[in-house]
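Structure at a glance
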Amino acid sequence: MFTINKFLKRIFDILSSLIVILLLTPLWLIVAIAIKCDSKGPVFFKQERRTKNGRIFKMLKFRSMVVDAEKQGAGLFNYENDPRVTKVGRFLRNTSIDELPQLFNIFKGDMSVVGPRPCVSYELGEFETLNKKYKKRFEMKAGLTGLAQVRGRNDISWDDKVAYDNLYIDNFRKHGIFTDIKILWLSVIKVFKKSDIYESKIDENEDDIEAAKRAEAEIIRIAHLPDDAPCEASADNAEETTASANSDADSRDNDEFAETEGKTDECNDDINAEEETA
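Thresholds applied
Residues numbered from 1 in each chain as written. Predicted model: local features only at pLDDT ≥ 70, side-chain atom pairs only at ≥ 80, totals over all residues. Heavy atoms only, no water. Helix = DSSP H or I, 4+ residues; strand = E, 2+ residues; numbered from the N terminus. Salt bridge = Lys/Arg side-chain N within 4 Å of Asp/Glu carboxyl O. Buried < 20%, exposed > 50% of the residue type's maximum accessible area, 1.4 Å probe, protein only. Axes fitted to C-alpha atoms, helices over the stretch in contact; angles between N-to-C directions. Parallel < 35°, antiparallel > 145°, perpendicular 65-115°, else oblique. Contact = heavy atoms within 4.5 Å. Nonpolar A, V, L, I, M, F, W, Y, C, P; charged D, E, K, R; others polar. Polar contact = N/O pair within 3.5 Å; in protein donor to acceptor, adjacent residues only side chain to side chain. Expected span 1.5 Å × (residues − 1). Pairing = 2+ DSSP bridges. 1 Å grid on protein atoms, 1.4 Å probe; cavity = no way out; pocket = protein on both sides within 12 Å on 5 of 7 lines; lining within 4 Å. Points joined across faces, edges and corners; volume = space filled by probe spheres on them.

By the secondary structure assignment, His175 is in helix α7 (residues 158–175). In sequence terms His175 and Met1 are 174 residues apart; their C-alpha atoms lie 9.5 Å from each other.

Our next topic: the pattern of salt bridges. A complete count under the given rule lists 13 salt bridges for this structure. Residues Asp165 and Arg137 are paired through a salt bridge, measuring 2.9 Å at the closest nitrogen-oxygen approach. Here Asp165, found in helix α7, pairs with Arg137, found in the loop between α5 (132–136) and β4 (142–145); they are 28 residues apart in sequence, far enough to count as distant. The residues Asp165 and Arg137 share a single accessibility class, namely buried. Shared partners join several salt bridges into a network, and the residues in it are Lys61, Asp98, Glu99 and Arg117.

Where helix α1 (residues 2–23) contacts helix α2 (residues 25–38), the axes come no closer than 4 Å and their chain directions differ by 60°. Judged by the angle between their axes, α1 and α2 are oblique. Between α1, through Ile21, Leu22 and Leu23, and α2, the contact on the second element is made entirely by Thr25, Pro26 and Trp28. In the contact of α1 with α2, the residues fall into five nonpolar, one polar and no charged.

Relative to the helices and strands, Asn131 is located in the loop between β3 (111–114) and α5. Relative accessible area serves as the criterion here: at 8%, Asn131 is assigned to the buried category. Looking at Asn131, its side chain comes within polar contact range of the main-chain nitrogen of Tyr134, at 3.0 Å. Those residues in contact with Asn131, other than ones at most four positions away along the chain, are Ile222, Ala223, His224, Leu225 and Asp227.

This part takes up α7. Its 18 residues place the ends of α7 25 Å apart at the C-alpha level, agreeing with the 26 Å of an ideal helix rising 1.5 Å per residue. Of all 18 residues in α7, 15 are buried; the element is thus mostly enclosed.

Another point: the pairing of strand β2 (residues 56–62). Where a strand is regular, its side chains alternate between the two sheet faces. Extensive coverage of β2 is indicated by the burial of five of its seven residues. Here strand β1 (residues 44–50) folds back onto β2, and the loop between the two strands holds five residues, one of which, Asn53, carries a positive phi near 60°.

Once that is clear, we can look at empty space enclosed by the protein. Applying the stated criterion across every chain yields a total of one cavity of 30 Å³ or more. For the largest cavity, the full set of lining residues is Arg50, Thr51, Pro116, Arg117, Pro118, Cys119, Arg137, Phe138, Met140 and Ala142. When its residues are assigned to classes, the lining of the largest cavity shows six nonpolar, one polar and three charged.

On the secondary structure map, Lys182 appears in helix α8 (residues 177–193). Distance from Lys182 to Leu147, taken between C-alpha atoms, is 9.6 Å for residues 35 residues apart in sequence.

Examined against the element boundaries, Leu92 turns out to sit in helix α3 (residues 87–95). Not counting residues within four places of it along the chain, the set of residues in contact with Leu92 comprises Val31, Ile35, Phe62, Arg63, Ile97 and Asp98.

Function-wise, these values are silent; they only describe arrangement.
In structure tokens, the structure reads:
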């Protein structure tokens, strides 16, 4: 059954990416012109990322920062009011339009529509020495969106993201393409909410460069903790969330798909709460 679901997932990836690429042709042209008029540099930004089994590929994005931004300021991290972001780039990021070129990565087969977000090749340190928890998220292709994105995107820690990525993998093995469809729908809602776009600092009193260095070191440290090491605080929170989600699923009816809804029910609760307070 898992093999069939993977086949259906690939068919969905090919058809959906091709259709959206063709439908958005006018948008490609408009965005390309806007980027070229706004700042010097190429239209597309290419970066080495990791997908299934840690394989490195070139991921595409519309360029939203100045050239060589990765070597300046906060490096891989993007905090609010980042001076490296261009005027057009800020709009692209707020609307997630900058991510659309990844449709070509999906059509090619490097990525999927839904899956764990691809990390930068060196973001987690050496791939071979990652602990089991962090390596598990690489059991499936990287995605344009995923459970971690609808749950909190950049507003949650890397350890929390990994917990949700692994929960997604478990859900997909049980429920297949239906899991992807639900997450895709929640992702569309999340885009319109324009929330959790920027990363949070461990210490708000630190400047962007200091915060980025500290966050980078902490991410790599936790990703390489021994498998039998005591859980970190952030990991505990993520696992408690996962356990809570699983508990919600167990309390529902015996319907097969209800369990998936239970495991992502917190996503719906967050969205509904935001709508009520809007």
